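# Results of the structural survey
Residues per chain, in single letters:
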Amino acid sequence: MLELSFRKPAEIVTLLCERLRTERLALQLTQADVAARAGVGANTVSNLEAGRNVSLETVIRVAMVLGRSKELEALFLPKLDSLEDVHRYEKSAKRQRVKRTTRND
């Protein structure tokens, strides 16, 4: 498993891009194959594998083509370790934005 706690963001990008490329090759897909299935350009897939900036939507599209939807579902799930965490999460889900008060100076 990839331990992210002690890594710099650039290192994480490099590692994940290497994994993406390895996964694509394991599935015997070319960059053009993945691009066509994801609805993006082949240069975009190349940029993604090289760690260059691409949109989050592109990352999601490519991950789905590679059969990694389950991993996407796990992103940003609430961390609920106790009953108190569950109650706090439920309460925050119902929370509304607080109205701003105007100050008369």
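Look up a bit, the structure's there.
Okay, so let's go over this structure. Quantities reported herein were computed from a predicted structural model and do not represent experimental measurements.

This paragraph deals with helix 2 (residues 31–38). Of the residues making up helix 2, those classed as buried are Val34, Ala35 and Ala38. Taken down its axis, helix 2 places every buried residue within 100° of arc, on the same side. In this structure, helix 2 carries Ala36 and Arg37 as exposed residues pointing more than 90 degrees from its buried face. Downstream of helix 2 by one or two residues, Gly39 has phi in the positive range, about 75°.

On the surface, a nonpolar cluster with roughly 300 Å² of combined accessible area is contributed by Leu56, Ile60 and Met64. Looking at where Met64 falls in the secondary structure, it is placed in helix 4 (residues 56–65). A residue is classified by how much of its surface remains accessible, and Met64, at 48% relative accessible area, is partly exposed.

Moving on: the pattern of salt bridges. Overall, the coordinates contain seven salt bridges when judged by the stated rule. The partner of Arg68 in a salt bridge is Glu23, with the nearest N and O atoms 3.0 Å apart. Placement of the pair is Arg68 in the loop between helix 4 and helix 5 (69–73) and Glu23 in helix 1 (residues 9–26), with a sequence separation of 45 residues. According to the relative accessible area criterion, Arg68 is partly exposed, its value standing at 32%. Here Glu57 makes a salt bridge to Arg61, at a shortest N to O gap of 3.0 Å. Residue Glu57 and its partner Arg61 are both found in helix 4; the two are separated by four residues, about one turn of the helix. Among the charged side chains, a salt-bridge network with shared partners connects Arg21, Arg24 and Glu49.

We now examine helix 3 (residues 42–49). Those residues of helix 3 that sit buried are Val45, Leu48 and Glu49. One side of helix 3 carries all its buried residues, which in axial view fall inside an arc of 95°. Where helix 3 is buried, its residues touch helix 1, helix 2 and helix 4. Positive backbone phi, approximately 85°, marks Gly51, located one or two places after helix 3.

Definitions and cut-offs
- Residues numbered from 1 in each chain as written.
- Predicted model: local features only at pLDDT ≥ 70, side-chain atom pairs only at ≥ 80, totals over all residues.
- Heavy atoms only, no water.
- Buried < 20%, exposed > 50% of the residue type's maximum accessible area, 1.4 Å probe, protein only.
- Helix = DSSP H or I, 4+ residues; strand = E, 2+ residues; numbered from the N terminus.
- Arc of directions from axis to C-beta.
- Patch = residues over 30% accessible without salt bridge, like charges linked within 9 Å, V, L, I, M, F, W, Y side chains within 5 Å.
- Areas by Shrake-Rupley, 256 points an atom, 1.4 Å probe, with all protein chains shown as cover.
- Salt bridge = Lys/Arg side-chain N within 4 Å of Asp/Glu carboxyl O.
- Contact = heavy atoms within 4.5 Å.

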